[in-house]
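For reference, the chains in residue letters:
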Amino acid sequence: MKKTRLVLVLVLFVLLFSFVPIEVTAQNSAQVCGPDGDISTMLAQITQTSVEKWLRDFSGENSVLINGVPRTIKTRYSHQLFVNNPNAMAYDYLHQELLKLGYVEDVTLTDHSYNYPKSNVLTEEILIQPDDELSYLETEQSISSQLSMPQAISPDDKAVWKNKIVTIPGHGPNADKFVLMTAHLDSTSNAANTLAPGAEDNGSGVSALMEAAYWLRFYKFDYTIKLIFFTGEEQRLEGSAAYVANHPEEMGKILGVVNLDMFGYDNDQDMCIELHVGEMASSNIVGTCFTDVNNNYNLGLSHDYITTGAIWASDHASFWNAGVGAIEILENMDAHPASNPAYGCGGRKDENPHYHRITDTIDKMYMPATFATVKAGVGTVASLANPMGKCFGGDPVLKATTQEESVLLTWQALAGAETYNVYRGTATCQGAMTQIAQVTTNSFEDTNIQFDRNYFYKIEAVDNETVCRSQLSNCAIAKVPTPQEPVEMFDLFLPLVIAGQ
Ligand SMILES: [Zn+2]
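Keep in mind it's a predicted model, so treat the numbers as computed, not measured. (Residues numbered from 1 in each chain as written. Predicted model: local features only at pLDDT ≥ 70, side-chain atom pairs only at ≥ 80, totals over all residues.)

A. Looking closely at the sheet that holds strand β7 (residues 178–184). The eight strands are arranged β3-β6-β9-β7-β10-β13-β11-β12 in an open sheet whose pairing can be described as mixed. Across the chains shown, the open sheet's two edge strands, defined by having one partner strand only, are β3 (109–116) and β12 (302–306). For this sheet, the mean angle separating the axes of adjacent strands, direction not counted, is 20°. Bridge analysis of strand β11 (residues 272–276) against strand β13 (residues 326–331) gives four bridges, and the strand direction is antiparallel. (Pairing = 2+ DSSP bridges. Helix = DSSP H or I, 4+ residues; strand = E, 2+ residues; numbered from the N terminus. Axes fitted to C-alpha atoms, helices over the stretch in contact; angles between N-to-C directions.)

B. The nonpolar core, seen in detail. Formed by 119 residues in total, the largest nonpolar core has its most connected members in Ala90, Val179, Leu209, Ala212, Ile225 and Val381. Broken down by element, the residue count for this core peaks at nine residues, all from helix α13 (residues 367–384). Counting only domains with at least three residues in this core, you end up with domain 1 (30–122 + 155–389) and domain 2 (398–499). (Core = buried A, V, L, I, M, F, W, Y, C linked by C-beta atoms within 7 Å. Buried ≥ 20, exposed ≤ 12 C-beta atoms within 10 Å, placed from the backbone. Domains from an automatic or database assignment.)

C. Focus on the pairing of strand β15 (residues 398–402). Where β15 and strand β16 (residues 407–411) come together, five bridges link them in antiparallel fashion. Bridging from a neighbouring strand, leucine 398 pairs with tryptophan 411 of β16. Linking β15 to β16, which pair antiparallel, is a turn of four residues.

D. Geometry of unusual backbone geometry. Residue proline 117 follows tyrosine 116 across a cis peptide bond; omega there is -5°. The residue proline 117 is located in the loop between β3 and β4 (121–122) in this model. Cis geometry marks the peptide bond from aspartate 201 to asparagine 202, where omega comes out at 5°. Along the chain, asparagine 202 turns up in helix α8 (residues 199–215). The backbone of asparagine 67 shows a phi angle near 50°, a positive value even though the residue is not glycine. With respect to the helices and strands, the residue asparagine 67 is situated in the loop between β1 (64–66) and β2 (69–71). A tally of 10 C-beta atoms within 10 Å means that asparagine 67 is categorised as exposed. Positive phi is not limited to glycine here, since methionine 271 has a value of about 60°. Turning to its location among the elements, methionine 271 is positioned in the loop between β10 (254–260) and β11.

E. Structural context of the packing of α8 against α13. Interhelical geometry of α8 versus α13 gives an angle of 50° and a closest axis separation of 9 Å. In terms of axis orientation, α8 runs oblique to α13. Relative to α13, α8 is oriented so that their crossing is right-handed. In this structure, α8 contributes Ser204, Ser207, Ala208, Glu211, Ala212 and Trp215 to the contact, and α13 contributes Thr370, Val374, Gly377, Val378 and Val381. Residue classes in the contact of α8 with α13 are distributed as six nonpolar, four polar and one charged. (Parallel < 35°, antiparallel > 145°, perpendicular 65-115°, else oblique. Left-handed = near helix turned anticlockwise from the far one by under 90°. Contact = placed C-beta atoms within 7 Å. Nonpolar A, V, L, I, M, F, W, Y, C, P; charged D, E, K, R; others polar.)

F. Geometry of the packing of helix α3 (residues 48–58) against α8. Axis separation between α3 and α8 bottoms out at 8 Å; the angle between their running directions is 130°. When the axes of α3 and α8 are compared, the pair comes out oblique. Like other packed secondary-structure pairs, α3 and α8 cross with a definite hand, here right-handed. From α3, Ser50, Val51, Trp54, Leu55 and Phe58 reach across to α8, where they touch Ala199, Gly203, Ser204, Val206, Ser207, Met210 and Glu211. Its residues assigned to classes, the contact of α3 with α8 comprises seven nonpolar, four polar and one charged.

G. Broad picture of the sheet that holds β16. Read from one edge of the open sheet, three strands run β15-β16-β19, paired in antiparallel fashion. Where the open sheet ends on each side, the last strands, each with one partner, are β15 and β19 (443–446). Averaged over all neighbouring strand pairs, the angle between strand axes comes to 20°, with direction disregarded.

Next comes the structure, spelled out in structure tokens:
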């Protein structure tokens, strides 16, 4: 009797707590994403230098090589991205860099094409010039009040714009479901056709996705992860709206979307950002995971956790419209009252005055805040996707043995590895290395050597289909001495003949 009563009390307790709305207790609810050793190791390896490099590359601070030609990405305005403008080759650069990471064209690296504008009627909204310096919301208002004489647009007159998608296939029972990490690639400004650096908006989000594209390759995840670089965001979210409209079957299979749009401006250096979570329980799971990741890995951010009154003016809203859980990670744009415990920015706001201007450059940003937010974003996606360890259980251990006229590289085969890439350098273990072979065995003989010269080797194991790969092995060093036996004239001349070819 007593036992039964105790059980009843327990059941009542469980029922009581399971009915407490998650939204209300978001700040204090149980963790959605617990600490994970692999994620901890991964986040510790991301460097601020690398994040900064992507930011500089995409916002025109760095000259970058695109298909071997030096270019500066001066604008990422969607109207310029797909018209062979040599100063707007961000989409080409993105594609090239993702190929370098091992993503395979038309398999794990795909384009989603859509027609711009979506509307078949030419409105004033579509005709708005960037020089008008109207914000998205102001534009909306001006349309409703000033629109007159709409004209029809023929489908032939529409532009073809593209979103870039990286797919990291899942390995677990939820491999047919998705976790999405999104950021808009495009930018705008008061002179968008020629100059729109968009360092914070949204070079910050692009750099986060590039770090994700690099680091997530080394781990297996239960869910399939998609990294989506949207375009047309600055034109009423048309890229993400088209993606959602064209993938209806996918929408019911998305666990959550982490949309990174514009962070890293932190003039007061308080490390406080805004999480726009909205009011759906499915979005709250993503938002709570983000706060868990920040706490679990001591990333040092605080935030306004915004449910009612969340911003709709970025790509996460396209998913909200389809009932899919999503959050936007944003700078501390607006003040929210410190009296509400959900708002952690102390009532402060810290809005970038260079927003949508040619002055949105990296020097205005605070890199520690940018860096911490990138790590939190990557960590949230990795946590939601349910990590299942390193790709092959570990990384290869490489041994180099000198032979008479070659170097023999050997390693223990890793279960599940399909091929091994062999890299060689001639300066140091840390110096530049080039790939010299791709083999399916667990050894490689390097015969293309000079005597008395140091060679530095590393290998990586790869499963090509899923892009899953080990990190680079240890560095093995070898130097083959000049053979000691008497040198005959033939041996002396043969290398010269080969070298002269
Ligand atoms: Zn933006």
